[in-house]
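# Structural description and commentary
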Amino acid sequence: MKYNYRGMTIYVEKDYEAMSKAAAEMLLSQVREKHDAVLGLATGSTPIGMYQEVVKAYERGEVDFSKVVSYNLDEYYPIQHDNDQSYHYFMKETLFKHINIKPENTHVPSGETKDVEKTSQEYDNAIYGLGGVDLQVLGIGNNGHIGFNEPAPVFAKGTGLVDLTESTISANSRFFASIDEVPKKAVSMGIATIMTAKKVMLMASGKAKAEIIAATILGEITPDVPASALQLHRNVTFFLDEEAAAVLLETLK
Ligand code: F6R
């Protein structure tokens, strides 16, 4: 089902697989329309199914990434890029090594830099220099974070170092041997950086995301729910499965 709410487009798909396919179609259309598209990419478990669909389309010869450029949302800090928990590693294993994107055209914030402020500014300048990415892919944390912009008294502006909240550390501990191994900090694109994207797509799946999705789309625009800033974006599309859309649909129906 497709809904429109205050200028935002919302697709509600039956399950994770259908949501992944619908989201992949948007990403693939972007690259087919503009061969040198600049993609903003996310990690986490939610987009994995979408990336698998994108890889399948590439293997069928339906899309060419040779001119595509990418900027990822975030990276743990500090972390070595060859660490298998790093987002550099995740992107290589999940997507980059399976398609013909040029490694030099892919960008992920550095978890190795000694000067986070300088590299963050360079990261933002590169994105602002492009006039924003063409299509930004987002997931959402259970607490409403996008990128690693956690709930805070004010919206984070540009890319920079952030402290992860207990809720995020605990949610992400499922990928680590123990919770103590989860880094306590990350480098993340800021909300202002994300808002420069020409188009934004946010994916969410499962019951755990239902309340925060409703708050993001229907609630107050507040830095307590960082994703609520997207209500101010002029071109945003949500891809939800039925479980993630459950609370939202009580109001939209
Ligand atoms: C990842 C990112 C995060 C995740 C969010 C949801 O690059 O920026 O905001 O999108 O933590 O993670 P999953 O998809 O694992 O529920």
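Whatever comes next refers back to the structure up there.
Figured I'd write up the structure that's included with this text. (Residues numbered from 1 in each chain as written. Predicted model: local features only at pLDDT ≥ 70, side-chain atom pairs only at ≥ 80, totals over all residues. Heavy atoms only, no water.)

Between its terminal C-alpha atoms helix α2 (residues 48–59) stretches 17 Å, which fits the 16 Å expected from 12 residues at 1.5 Å a residue. Considered for burial, the residues of α2 that qualify are Gly-49, Met-50, Tyr-51, Glu-53, Val-54, Val-55 and Ala-57. Structurally, α2 contributes buried residues whose contacts are with α1 (16–33), β3 (38–41), α3 (87–94), β7 (135–138) and β10 (199–204). Following α2 by one or two positions, Gly-61 has its phi on the positive side, about 80°. (Helix = DSSP H or I, 4+ residues; strand = E, 2+ residues; numbered from the N terminus. Expected span 1.5 Å × (residues − 1). Buried < 20%, exposed > 50% of the residue type's maximum accessible area, 1.4 Å probe, protein only. Contact = heavy atoms within 4.5 Å.)

With respect to the element layout, Ser-228 can be found in the loop between α7 (210–218) and β11 (236–241). Of the residues examined, Ser-228 reaches a relative accessible area of 0% and is grouped as buried. Not counting chain neighbours up to four residues away, the residues in contact with Ser-228 comprise Phe-155, Thr-216, Glu-220, Ile-221 and Thr-222.

What surrounds the ligand is a group of 14 residues, the closest being Thr-46, Asp-74, His-145, Gly-147 and Lys-209. Asp-74 places a polar side-chain atom, nitrogen or oxygen, 2.7 Å from an oxygen atom of the ligand. At a separation of 2.7 Å, an oxygen atom of the ligand approaches a polar side-chain atom of His-145. Notes on the ligand: free accessible area 410 Å², of which the protein chains cover 93%. Class assignment for the residues of the shell around the ligand results in 3 nonpolar, 8 polar and 3 charged. (Near = heavy atom within 4 Å. Polar contact = N/O pair within 3.5 Å; in protein donor to acceptor, adjacent residues only side chain to side chain. Areas by Shrake-Rupley, 256 points an atom, 1.4 Å probe, with all protein chains shown as cover. Nonpolar A, V, L, I, M, F, W, Y, C, P; charged D, E, K, R; others polar.)

If you trace the backbone, Ser-45 turns up in the loop between β3 and α2. Linking Ser-45 and Phe-175, residues 130 residues apart in sequence, is a C-alpha distance of 9.7 Å. Residues within four places of Ser-45 in sequence aside, it is in contact with Tyr-16, Arg-174 and Phe-175.

We now examine the packing of aromatic side chains. A ring pair, where both rings are aromatic, is described by two values, the distance of the centres and the angle of the planes. Evaluated as defined, the whole model comprises 7 aromatic pairs. Judged by centre distance (5.5 Å) and plane angle (75°), the ring pair of Tyr-71 and Tyr-123 falls under edge-to-face. Here the residue Tyr-71 occupies a position in strand β4 (residues 69–72), and Tyr-123 occupies one in helix α4 (residues 116–129), the gap between them amounting to 52 residues. Residues Tyr-76 and Phe-176 carry aromatic rings whose centres are separated by 5.7 Å and whose planes lie at 75° to one another, so their mutual orientation is edge-to-face. With Tyr-76 in strand β5 (residues 74–77) and Phe-176 in the loop between α5 (166–172) and β9 (185–188), this pair connects stretches of sequence that are 100 residues apart. Here Tyr-76 and Phe-176 have matching classes, each one buried. An aromatic cluster is built from Tyr-76, Tyr-87, Phe-148 and Phe-176, whose rings are joined through pairwise contacts. (Phe/Tyr/Trp six-rings, centres within 6.5 Å; stacked < 30°, edge-to-face > 60°.)

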